[in-house]
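Letter by letter, the chains look like this.
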Amino acid sequence: MNSQGQLRRIASHRLLLPDKTLLRNPLVTIGGDGTILHIESCDDIDRQASTEFYDGILVPGFINAHCHLELSHMRGLMPRRTGMAGFARAMSQLRNTAGDDARTAAAAAAAAAMYSEGIQAVGDISNGQTSFAAKAQSPIRFANRAEIFGLGATAAAPSAALLAERYGAVRTPHSTYSVSDSAFVQICRQGREPLSIHFLESPEEKELYQGRGELARWYGERGWNCDFLHYGTPAQRIAASVPADRSVMLVHCCCVNQEDIDSIMSHFTAPVWWCLCPRSNDYITGLRPTVELLLRNGLNICIGTDSLASNDTLSMLAEIKALDGCMPLVEALHAATAAGAAALGFDDLGAVRVGARPGLAVISGVDFQKGRLRDDASARRVV
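None of these values were measured; they are calculated from a predicted model.

Cut-offs applied
Residues numbered from 1 in each chain as written. Predicted model: local features only at pLDDT ≥ 70, side-chain atom pairs only at ≥ 80, totals over all residues. Heavy atoms only, no water. Salt bridge = Lys/Arg side-chain N within 4 Å of Asp/Glu carboxyl O. Helix = DSSP H or I, 4+ residues; strand = E, 2+ residues; numbered from the N terminus. Buried < 20%, exposed > 50% of the residue type's maximum accessible area, 1.4 Å probe, protein only. Pairing = 2+ DSSP bridges. Core = buried A, V, L, I, M, F, W, Y, C linked by side-chain atoms within 4.5 Å. Contact = heavy atoms within 4.5 Å. Lys, Arg positive; Asp, Glu negative; His and termini not counted. Polar contact = N/O pair within 3.5 Å; in protein donor to acceptor, adjacent residues only side chain to side chain.

**Q** Before we go on, may I ask you to explain the pattern of salt bridges in this structure?
**A** Pairs may arise between side chains of opposite charge once their charged atoms sit close together. Inspection of every chain in the model, using the stated rule, returns 18 salt bridges. Between glutamate 70 and arginine 95 there is a salt bridge whose closest N-O contact spans 2.8 Å. Taken together, the residues span a long stretch of sequence, with glutamate 70 in the loop between strand 6 (62-67) and helix 1 (83-94) and arginine 95 in the loop between helix 1 and helix 2 (100-117) at a distance of 25 residues. Taking the relative accessible area as the measure of exposure, glutamate 70 reaches 5% and is therefore buried.

Structural data, given as structure tokens:
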């Protein structure tokens, strides 16, 4: 936003449009409050008075569809490529090694870095209150989700209830492998807001439903009872538990096959969003999401960063780079902006339209001939 409240005229080589096309030589006029006033294509940008020119692609503010800001204090603590069971073990040992002040400071620093890169909104997952002070001070818009997890008679519902009451967080199951059956069904059938569920991040999730694999062994060692294996697969559990008219975001999707897609899509009438966090997947398991399969099925794809417990940064541009070679650049940019906004219910964000205030970022370091980002590509906020 212009501190003087004056109009700004911003130009670049390309502008991402809502229909997944790139407008050549765009000139965008923006009001002092960040409202898009006019969009045009102008061939003589260098002759336009009072125009800011940015090298690259102008995009609306990024939408980080899935993040755990409260884990920002864990950057660099977690071992890499241990698999889901190893990651869960390490998380239980290391999660509480920092005090509240350190957690709040780390969350605030991470939020500031996201805003500087051009992230406009975040779908944020919480298990406690330590990130909310940082979120209250950030200009980023947050869609808060409070996770429920636990395999005992009582899942971790009390903290989620507090977050829902105090901060308006939507209660959602953590995953199909970490929540007892009654709690999972209850939370899926209460409320109308979109759910966010970790889904098929590793093969251990499907193996658990067959009574084998590392998760099954770890749960057995701890005496945890999985009373949901009768569903047969994680996908079938979701289809049996979530009402067809309730939207859901399925996060990670590394081990999704056509049968899983068919089970999900034949059930839901509400939108289903398939959220990719490729760098987190590489950090934990070395796997990557089944992007080509999701694209062939014409599914709604959005992008998240997960957390600094399983990532080096919360950079949306880095996630887009990680998808290079399996997702066209314009598709990835759409997934990182308009699709994420739709998934979180932020209809006024994610697209550069007259009358909207979506924020604006520029991506530099673009190879336009090849339609891809160069290794030196970077992103920063301009509005």
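There is more to say after this.
**Q** When you look at unusual backbone geometry in this model, what are you seeing that I'm missing?
**A** Leaving glycine out, the prevailing phi sign among residues is negative, and the prevailing peptide bond configuration is trans. Backbone geometry at lysine 20 places phi at a positive 70 degrees, although glycine is not the residue there. On the basis of relative accessible area, lysine 20 is assigned to the partly exposed category, the value being 34%. A positive phi angle, near 45 degrees, is found at asparagine 25, a position not held by glycine. Its place among the elements puts asparagine 25 in the loop between strand 2 (22-24) and strand 3 (26-30).

**Q** Quick question: what am I supposed to make of the pairing of strand 15 (residues 372-381) here?
**A** Within a regular beta strand, the side chains point alternately toward one face of the sheet and then the other, so they alternate between its two faces. Direction of pairing for strand 14 (residues 360-367) relative to strand 15: antiparallel, over a ladder of 6 bridges. Its bridge partner lying in strand 15, alanine 361 is registered against arginine 381. In this structure, the hairpin formed by strand 14 and strand 15 is closed by a connection of 4 residues, where glycine 371 is found at a positive phi of approximately 65 degrees.

**Q** So what exactly am I meant to see when it comes to the nonpolar core here?
**A** The nonpolar side chains of a soluble globular protein tend to be buried with one another. Among the nonpolar cores identified, the biggest contains 70 residues, and Phe62, Phe199, Ile238, Leu250, Trp274, Ile320 and Ile363 are the most heavily contacted of them. In contact with phenylalanine 62, not counting residues within four places along its chain, are Glu117, Gly118, Ile119, Gln120, Ala121, Met316, Ile320, Ala336, Thr337, Ala361, Ile363 and Ala379. The next biggest cluster of nonpolar side chains, apart from the first, holds 23 residues, and it includes Ala85, Leu151, Tyr177 and Leu208.

**Q** For this particular structure, what's the right way to read the side chain of arginine 237?
**A** Secondary-structure assignment places arginine 237 in helix 8 (residues 234-241). Of the buried charged residues, arginine 237 lacks a salt bridge, with aspartate 181 as the closest side chain of opposite charge at 4.0 Å. For arginine 237, the side chain forms a polar contact with the main-chain oxygen of valine 179, separated by 2.8 Å. Arginine 237 has contacts with Thr176, Tyr177, Val179, Ser180, Asp181, Phe184, Tyr209, Phe228 and Tyr231, leaving out every residue within four places of it along the chain.

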